[in-house]
Amino acid sequence: MLPQEIIRTKRDGGSLDDGQIAQFIAGVTDGSVSEGQVAAFAMAVFFRGMTTAECAALTRAMMHSGTVLHWHDQNLPGPVLDKHSTGGVGDGTSLVLAPIVAACGGFVPMISGRGLGHTGGTLDKFESIPGYNASPSLARFREVVRGVGCAIIGQTADLAPADKRIYAIRDVTATVESVPLITASILSKKLAAGLHGLVMDVKAGNGAFMPTTRRARLLAQSIATVAGAAGVPTVSLVTDMHSPLGRAAGNAVEMHEAIGVLTRRSSSPRLTDLSLRLAAELLLIGGLARDLADATQRCQAALDSGTAAERFAQMVGALGGPHDILERPHRHLPSAPIARPVFAATSGVVTHIDTRAVGLAVVALGGGRTRPQDAIDHAVGLTDVAEHGSPVNADRPLAIVHARRDEQVLAAAEALRAAFVIDGARKPARRRLVQDRLTG
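Criteria and thresholds
- Residues numbered from 1 in each chain as written.
- Predicted model: local features only at pLDDT ≥ 70, side-chain atom pairs only at ≥ 80, totals over all residues.
- Heavy atoms only, no water.
- Salt bridge = Lys/Arg side-chain N within 4 Å of Asp/Glu carboxyl O.
- Helix = DSSP H or I, 4+ residues; strand = E, 2+ residues; numbered from the N terminus.
- Buried < 20%, exposed > 50% of the residue type's maximum accessible area, 1.4 Å probe, protein only.
- Pairing = 2+ DSSP bridges.
- Axes fitted to C-alpha atoms, helices over the stretch in contact; angles between N-to-C directions.
- Contact = heavy atoms within 4.5 Å.
- Core = buried A, V, L, I, M, F, W, Y, C linked by side-chain atoms within 4.5 Å.
- Patch = residues over 30% accessible without salt bridge, like charges linked within 9 Å, V, L, I, M, F, W, Y side chains within 5 Å.
- Areas by Shrake-Rupley, 256 points an atom, 1.4 Å probe, with all protein chains shown as cover.
- Phe/Tyr/Trp six-rings, centres within 6.5 Å; stacked < 30°, edge-to-face > 60°.

This part covers the pattern of salt bridges. For side chains bearing opposite charge, pairing can occur when the charged atoms are close. The final tally for this structure, using the stated rule, is 24 salt bridges. Here Arg-8 makes a salt bridge to Glu-5, at a shortest N to O gap of 3.5 Å. Remark: Glu-5 and Arg-8 occur in helix H1 (residues 3–11); sequence separation between them is 3 residues, near one turn of the helix. Using a relative accessible area of 40% as the deciding quantity, one classes Arg-8 as partly exposed. Overall, the relative accessible area of 31% leaves Glu-5 in the partly exposed class. Across the pair Glu-281 and Arg-437 runs a salt bridge, and its minimum N-O distance is 2.9 Å. One end of the pair, Glu-281, is in helix H12 (residues 269–285); the other, Arg-437, is in strand E13 (residues 434–439), and 156 residues separate them in sequence. On the basis of relative accessibility, which here comes to 0%, the residue Glu-281 falls in the buried class. Overlapping salt bridges, with partners in common, bring together Asp-91, Asp-201 and Lys-203 in one network.

If you want it as structure tokens, here you go:
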């Protein structure tokens, strides 16, 4: 069937079969389908939607547009598991989760992305480590996963190339928000890694891609259902992003925070709690625990015993980074020349945070990007960020700004004071970190 006839079918509200979808994606991959036709297809899906069967077929076709990893020849003694997040501010869960799951008997081939807009990217955080190779060959990637239990790298050109082309066109045609297209985009890359199980962290809140819980649930359910239909058991959690997840926002500063959590040298309760919950869900999916309570206990033991930290250090070393990253993070991770606290205009309790504005303050410091090709400064960012419901006063700042120049500090201070609402009389209700759990 001609590409325009496939587009016409979807435009008129019809359902596409597996063969039509596979044919269209093959044309996207080899270039025989034009950019205009991709845009028209995306717009038709945006308005007409897709059934679960169609979305699963689209996911499979995009997944098979490039290399699909298989692990059976590695004789791994445990399941291949992974986690994906829709992105947020101060979200370093991948840094903590992957070594915990590896320490508990899972294997985590995590293919991560760069930050864009106000959200941080896992790949950028790891590239703050000198020598760390986030783009190894697939052979080396497989070796590290086999030997260490986890490896966190960036997407290669071989994995789901159709998604890369479709996403670039969606980005400039106002079709990014389509739930079926988001689902297929996320899952095609994740399933190409040859997973046995996946946990999805869908953020909801003013710092999230999905600002409302209703929209977040729609996406979470779609991903869990379609991944299950594609043969990969998946659990989706809807989690709070009305405030930064951790106490740090940036790249090297978030790496410092994650190392502090792994080594138990510092505390970041929300980051730790969510990392443990997501890791426990993976153990349960992978058959490595009897129930959620048992899985949580195993993950906590891996953290407390130091075995998770050891896996993290082994992964960093195996991918070219320093072997003493846990012992001497300050020696290796870049730091900004200025570290200055920013105080609120009045004392009181934090009752609201414009989390997106906090993320954009990091971007303005140079720690994020507004275009994929932008270079970033790994050293800058925020630490000791005040939490929702916490007091701020003359001794307790809104955050500490890490910057290169004084004028950057002044701009960040203005943005932070505008982003935080302080009330001297009342303490707000505590927000639930995990708002919902959905399965296929």
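Here the narrative resumes, following the displayed structure.
Looking now at unusual backbone geometry. Where the residue is not glycine, phi is negative for most of them; where a peptide bond is considered, it is trans in most cases. Of note in this structure, Asn-75 is not a glycine but carries a positive phi near 50°. Note that Asn-75 resides in the loop between helix H4 (52–63) and strand E1 (81–85). On the accessibility criterion, Asn-75 (60% relative accessible area) is exposed.

Two orientations exist for strands paired in a sheet by backbone hydrogen bonds: parallel and antiparallel. Taken in spatial order, the 4 strands line up as E1-E4-E5-E13 in an open sheet, and their pairing is mixed. Sheet topology places E1 and E13 at the edges, where each strand pairs with a single neighbour. The average undirected angle you get between the axes of adjacent strands in this sheet is 20°. On the sheet, helix H9 (residues 179–191) packs against E1 and strand E4 (197–204) and is oriented at approximately 155° with respect to E1.

Once that is clear, we can look at the nonpolar core. Membership of the largest hydrophobic core comes to 95 residues, with the highest contact counts inside it found for Phe-126, Tyr-132, Phe-312 and Met-315. Discounting chain neighbours no more than four positions away, the residues touching Met-315 are Phe-126, Tyr-132, Val-148, Cys-150, Ala-151 and Ile-152.

Moving on, we come to a nonpolar patch on the surface. A cluster of nonpolar side chains, Met-43, Phe-46 and Phe-47, forms an exposed patch at the surface whose accessible area comes to about 300 Å². By the secondary structure assignment, Phe-46 is in helix H3 (residues 35–48). In this structure Phe-46 comes out as partly exposed when scored by relative accessible area, which is 32%.

Following the criterion strictly, the structure yields 5 aromatic pairs and no others. Seen in terms of ring centroids, Phe-24 and Phe-41 are 4.5 Å apart; in terms of plane orientation they differ by 25°. Their pairing is stacked. Highlighted residues: Phe-24 in helix H2 (residues 18–30) and Phe-41 in helix H3, separated in sequence by 17 residues. The exposure class assigned to Phe-24 is buried, which follows from its relative accessible area of 2%. Residue Phe-41 is classed as buried on the basis of its relative accessible area, which comes to 6%. Through successive ring pairs, a cluster of aromatic residues spans Phe-126, Tyr-132 and Phe-312.

Keep in mind that these numbers describe shape and distance, not what the molecule does.
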